[in-house]
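Residue-level listing of the chains:
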Amino acid sequence: MKQLLSFIKKEFYHVFRDRKTLLMLFGLPIAQIILFGFALTNEIKNAKIVVVDYAKDEASRQIADKVDASTYFDIDKYLSGHEEIEEAFRSGKIKMALIFPDHFYSDLLHTNKAQVQVIADASDLNTATTLTNYISNIITDYQSGLNKGTTIPYRIVPEIRMLYNPQLKGEHTFIPGMMAMIMMIICVMMTAISIVREKELGTMEILLVSPFKPILVILSKFVPYLLISLMNVTSILLLSKFFLNLPVQGSIVLLYAISFIFIITSLCLGLLISIKSESQQTAMFISLMATLLPTLLLSGFMFPIENMPLPLQIISNIVPSKWFYVIVKSIMIKGSGFQTIWKETLILCGMALFLLIVSLRSFKIRLA
Amino acid sequence: MNESVITTNKLTKQFGDFIAANELSFEVNKGEIFGFLGANGAGKTTAMRMLCGLLVPSSGTATVAGYDVYKHREKIKQNIGYMSQKFSLYEDLTVSENIKFYAGIYGLSDSLIKEKSEQLIHQLDLRKEENQLVSSLPLGWRQKLAFSVAVIHDPKIVFLDEPTGGVDPVTRRQFWDLIYDAAHRGITVFVTTHYMDEAEYCNRISIMVDGVIEALDTPANLKKNYSSKSMDEVFRQLARNAKRSE
């Protein structure tokens, strides 16, 4: 026990002596949240838009004026035809285009139905979503003004097109996704690097010749990163509650328990990588390939898994972050309890156990 | 006096078709400084690793500190110290942290750790550098510190694998003073080297060529038998026929 403690102490020295890494360990989650927090700010003011008015009638002008008058939009210019829209978007300044077809007002009067086309630049996803919401509200507002005092139920249907990114996603999914990503990076990469470093330096040999048990070497490598990761979970949750107004809906204890299992899974993955690699660079590279890419691409965090080709959907099942992401999302956002997530939890436990056994078995006691 | 602490009998290690160490049989006595010489690739490190429990022998028998290398590895570990050719201290830890760490993993008690590290810092004259990171020390000092740390738990035997690589002659001489000191305390020293002047410092030396022990005796006897003036000449005569080289 005393041996273990002096080893763990040494590991903490390594972590705290390396200022740059330390900054990354604690700074990364905070920086990410704050950045995402600002990116997610919904309020947009004076977004420049262009208008193509084929109708040039009373209604189209009134709507355009109403849009221009709002704090959200500034009409940059009126274009003569929709061919010019693409060019306007390319310039990068224009966020949205509003197109009134011919006979807008007469359609509205005679058929009770008119269309206005809204084209948003969805390469900037959050802005596009927000702006289309604003414009819909303005049009609805105008519509209800028209309906006042008349018996004919006028109806304007805004037809919204999201250019460049037709698949819009929820805004708060990034917290669970980021938790998965940060824990994966820290646990897998740091563990792998710190074990491989001992191999490179030759200190691993000394440890193997000493009466210190190899299993304890692994244990003491795990402890610091486990603690750091749990601290990061805490800081992410606090920030998400107080900075992003996204409190955890479900049980905090359950969330920590799940995080613990996920951290163990990641640590074992790191151990496995450290066994297979001979240099710190290799370890770092493999870790990034094994964690960052699958977490970004196959966890459902960035891209919905349901829309992927079947082979990728199947592969996504072996990515631990996917399960962690699914569980955390339901606990945090839906407030689900254990009874709804036990299946996913079981899978995650299974992965942790599998990796633990495989990595412990292949951690060689002798060097050759 | 002639109590043997290492005994090997036809100890062999084979990697595929390659026989790295072929039927090594020798004895090392208690308190002796036993030199293990050979060109690169002669099998010195392999032999040492088998004795330390880092490699499983392919055949033959060996006992270290009275324990069998196959059956009692854990017992052997408690009774040996080891210093590899790679530098084996943590550079981002201070001198005293390194000492405490290694003493700690050998399970020394707190009071003993304190006493030992005091003694060690005094002996190596590192009082001023006690709280400096090891990375700031010159290589020679680090090597001396690494050796002292390797014997901090007073092992029966200490294995040194080319401990003085890249160190200047003056520091090497000081390093050997530490080795003599350890030997006086009854620690058996098993050292591999390819510096011939160091070979002269050993009580007995064995010279390995192509995985086989070609000669084993005191430096004086070896020089006499091979009618040479220096160990260097003895070694050259023996190594001339070597087939393996790097």
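Below is a summary of the structure that appears in this document. Remember, it's a predicted structure, so these values are computed and weren't measured experimentally.

## Some thoughts on the overall build of chain A
Assigned secondary structure in chain A consists of 14 helices and five strands. When the 368 residues of chain A are sorted by exposure, 50% land in the buried category. Here the analysis covers contacts within chain A between residues at least 6 apart in sequence; of these, 80% occur between residues at least 24 apart. Summing over all exposed atoms, chain A offers an accessible surface of approximately 17700 Å²; the carbon and sulfur share of this is 63%.

## Re the overall build of chain B
Counting secondary structure elements, chain B contains nine helices and ten strands. The C-alpha radius of gyration computed for chain B amounts to 18 Å, which stays within 12% of the reference 18 Å derived for 246 residues, consistent with globular compactness. Within chain B, buried positions represent 56% of all 246 residues. Counted over contacts in chain B with a minimum sequence separation of 6, partners at least 24 positions apart contribute 68%.

## Structural notes on the environment of V56 of chain B
Take V56 of chain B: it is sitting in the loop between α1 (44-52) and β4 (59-64). Residues V56 of chain B and T12 of chain B, spaced 44 residues apart in sequence, show a C-alpha to C-alpha distance of 9.6 Å.

## Thoughts on the pattern of salt bridges
For the coordinates displayed, the defined rule picks out 23 salt bridges over all chains. For the salt bridge of R204 of chain B with E32 of chain B, the shortest nitrogen-to-oxygen distance reads 2.5 Å. Of this pair, R204 of chain B sits in strand β9 (residues 204-209) while E32 of chain B sits in the loop between β2 (18-29) and β3 (33-38); the two residues are 172 residues apart in sequence, bridging distant segments of the chain. Of the two residues, R204 of chain B and E32 of chain B, both sit in the buried class. When the shortest N-O distance is used, the salt bridge between E118 of chain B and R127 of chain B registers 3.3 Å. Among the residues examined, E118 of chain B registers a relative accessible area of 41% and is labelled partly exposed. Salt bridges sharing common partners tie together K10, E11, E198 and K221 of chain A.

## Overview of the packing of aromatic side chains
Inspection of every chain in the model, using the stated rule, returns 20 aromatic pairs over all chains. A ring pair is formed by F12 of chain A and F16 of chain A, whose centres lie 6.0 Å apart and whose planes are at 15 degrees; its orientation type is stacked. On the criterion of helical spacing, the pair formed by F12 of chain A and F16 of chain A is a turn pair, its members being four residues apart in helix α1 (residues 2-17). Overall, the relative accessible area of 22% leaves F12 of chain A in the partly exposed class. On the numbers, 5.2 Å between centres and 50 degrees between planes, the contact of F159 of chain B with F190 of chain B is tilted. A residue pair is termed long-range when its members are at least 10 positions apart, and F159 of chain B in strand β7 (residues 157-161) and F190 of chain B in strand β8 (residues 188-193) qualify at 31 residues.

## Digging into the sheet that holds β8 of chain B
Across a sheet, strands are paired by hydrogen bonds formed along the backbone, either parallel or antiparallel in direction. All names here are of chain B. Taken together, the six strands give an open sheet; going across it, the order is β6-β7-β8-β3-β9-β10, and neighbouring strands pair in mixed fashion. Edge strands, defined here as strands with exactly one partner in the open sheet, are β6 (80-83) and β10 (212-217). Adjacent strand axes in the sheet meet at a mean angle of 15 degrees, parallel and antiparallel pairs treated alike. Judged from the five bridges that link them, β9 and β10 form a sheet pairing that is antiparallel. Bridge pairing links I207 to A215 in β10.

## Some remarks on the sheet that holds β2 of chain B
Residue and element names in this part refer to chain B. Strand order in the open sheet formed by four strands is β2-β1-β4-β5, and the pairing between neighbours is antiparallel. At either margin of the open sheet sits one strand with a lone partner, and together these are β2 and β5 (67-68). Sitting on the sheet, α1 touches β1 (4-15), β2 and β4, and the angle it makes with β1 is about 120 degrees.

## Some details on helix α14 (residues 338-362) of chain A
Residue and element names in this part refer to chain A. Along its 25 residues, α14 runs 34 Å from first to last C-alpha, staying within 8% of the 36 Å computed at 1.5 Å per residue. At E344, α14 shows its maximal kink, close to 35 degrees. Elements in contact with the buried residues of α14: α10 (252-276) and α13 (320-334).

## Looking at the interface of chain A and chain B
Size of an interface, as often reported, equals the accessible area lost when the parts are brought together. Taken together, the contacts link 27 residues of chain A with 34 residues of chain B. Together, the buried faces of chain A and chain B total about 2800 Å²; carbon and sulfur atoms form 60% of this surface. Two residues, E205 of chain A and R49 of chain B, come together in a salt bridge whose shortest N-O distance is 2.7 Å. Scanning the region where chain A abuts chain B turns up nine residue pairs in polar contact (both at pLDDT 80 or more). Listed by contribution, the elements that provide at least two residues to the side of chain A that touches chain B are α1, α7 (174-201) and α8 (203-209) of chain A. With eight residues, α1 of chain A is the largest single contributor of residues to the side of chain A that touches chain B. Tallied by class, the residues present in the side of chain A that touches chain B amount to twelve nonpolar, six polar and nine charged.

## Points about the packing of α1 of chain A against helix α9 (residues 214-242) of chain A
All names here are of chain A. At a minimum axis distance of 9 Å, the contact between α1 and α9 shows a crossing angle of 50 degrees. Of the possible angle classes, the one that applies to α1 and α9 is oblique. The interaxial crossing formed by α1 with α9 has right-handed handedness. The segment α1 lies against α9, with L4, F7, I8, K10, E11, F12 and V15 engaging L216, V217, L219, S220, K221, V223, P224, Y225, L227 and I228. Tallied by class, the residues present in the contact of α1 with α9 amount to 13 nonpolar, one polar and three charged.

## Describing α7 of chain A
The periodicity of an α-helix, 3.6 residues per turn, causes residues three or four places apart in sequence to face the same way. Residue and element names in this part refer to chain A. Over its 28 residues, α7 extends 39 Å from the first C-alpha to the last, a length consistent with the 40 Å expected when each residue adds 1.5 Å. Taking burial as the measure, the 28 residues of α7 include 24 buried ones, the bulk of the element. Looking one or two residues past α7, G202 carries a phi angle of roughly 90 degrees, positive in sign.

So, how was this worked out
- Residues numbered from 1 in each chain as written.
- Chains lettered and ligands numbered in written order.
- Predicted model: local features only at pLDDT ≥ 70, side-chain atom pairs only at ≥ 80, totals over all residues.
- Heavy atoms only, no water.
- Helix = DSSP H or I, 4+ residues; strand = E, 2+ residues; numbered from the N terminus.
- Buried < 20%, exposed > 50% of the residue type's maximum accessible area, 1.4 Å probe, protein only.
- Contact = heavy atoms within 4.5 Å.
- Areas by Shrake-Rupley, 256 points an atom, 1.4 Å probe, with all protein chains shown as cover.
- Rg over C-alpha atoms; globule rule 2.2 N^0.38 Å.
- Salt bridge = Lys/Arg side-chain N within 4 Å of Asp/Glu carboxyl O.
- Phe/Tyr/Trp six-rings, centres within 6.5 Å; stacked < 30°, edge-to-face > 60°.
- Pairing = 2+ DSSP bridges.
- Axes fitted to C-alpha atoms, helices over the stretch in contact; angles between N-to-C directions.
- Expected span 1.5 Å × (residues − 1).
- Bend = angle between axes of the 7 residues up to and from the residue.
- Buried area = accessible area lost by both parts, 1.4 Å probe.
- Polar contact = N/O pair within 3.5 Å; in protein donor to acceptor, adjacent residues only side chain to side chain.
- Nonpolar A, V, L, I, M, F, W, Y, C, P; charged D, E, K, R; others polar.
- Parallel < 35°, antiparallel > 145°, perpendicular 65-115°, else oblique.
- Left-handed = near helix turned anticlockwise from the far one by under 90°.

These results come straight from atomic positions and should not be treated as a statement about function.
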